[in-house]
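# Per-entry structural report
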Amino acid sequence: RIDTSKRLLAIVVVSVAIGVAVLSFLLSPSTKAAQNYINLDDLDCMAKNIYFEARNEATVGQLAVAQTVINRVNSSRFPNSICGVVYQGLHTKNGFPLKDRCQFSWYCDGRDDEPRKDSRSWRKSVEIAQMMILSKDWMPDVIDGATFYHADYVNPRWSQEKRMVVRIGSHL
């Protein structure tokens, strides 16, 4: 019997290999095809979410965070854009997020939301965001439709109502 994390890793490895081949073509210097397919605001939102939610996780954890966003975009229960999903939450009249009242904790924790754009972690977050956005229509959903996750060191009130699909790194 193969445990869930090994099965997940095998699916991700094959999917990433396919994705890398597609992206190497799309992002090669001879073509600007990716720019025709990616909304740059959505790319920035997805990359920030990966960076702030999972930059210290293994690649599979970062992919799972991105897949959760895509699953939410595809669900009628959430906004229908990547930025809409990432920035979903309660806001003041001035548009600022209310502390601890949003979907992703980094967005409403009161800290600066600008990543270190010269860092390796940011570049990797952007690469994963590009790959996930470009492959969202054919990449296997390695988290089986999950639209929620949380770190293993917190216990959000909704966690008891949800079925755990998989544990990846420190995320459930």
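Here the structure is shown first, and the text comes after it.
Here the structure is a predicted model, which means the values were calculated and not measured.

## With respect to the pairing of strand 2 (residues 97–102)
Pairing analysis gives 2 bridges linking strand 1 (residues 89–91) to strand 2, with the strands arranged antiparallel. Considered in strand 2, the bridge of His-91 is made with Pro-97. Linking strand 1 back to strand 2 in an antiparallel pair, the connection comprises 5 residues, with Gly-95 at a positive phi of about 95°.

## Quick notes on the nonpolar core
Among the nonpolar cores identified, the biggest contains 29 residues, and Met-46, Val-69, Ile-82 and Met-132 are the most heavily contacted of them. Among the secondary structure elements, those contributing two or more residues to this core are helix 3 (40–54), helix 4 (59–73), helix 5 (82–86) and helix 6 (120–135). When residues in this core are grouped by element, the largest group, 7 residues, is from helix 6. Apart from residues lying up to four places away in sequence, Val-69 is in contact with Met-46, Asn-49, Ile-82, Val-85, Val-86 and Phe-104.

## Let's talk about the environment of Thr-147
Residue position: Thr-147 is located in the segment after helix 6. On the basis of relative accessible area, Thr-147 is assigned to the buried category, the value being 10%. A polar contact of 3.4 Å, which involves the side chain of Thr-147, links it to the side chain of Arg-77.

Criteria and thresholds
Residues numbered from 1 in each chain as written. Predicted model: local features only at pLDDT ≥ 70, side-chain atom pairs only at ≥ 80, totals over all residues. Heavy atoms only, no water. Pairing = 2+ DSSP bridges. Helix = DSSP H or I, 4+ residues; strand = E, 2+ residues; numbered from the N terminus. Core = buried A, V, L, I, M, F, W, Y, C linked by side-chain atoms within 4.5 Å. Buried < 20%, exposed > 50% of the residue type's maximum accessible area, 1.4 Å probe, protein only. Contact = heavy atoms within 4.5 Å. Polar contact = N/O pair within 3.5 Å; in protein donor to acceptor, adjacent residues only side chain to side chain.

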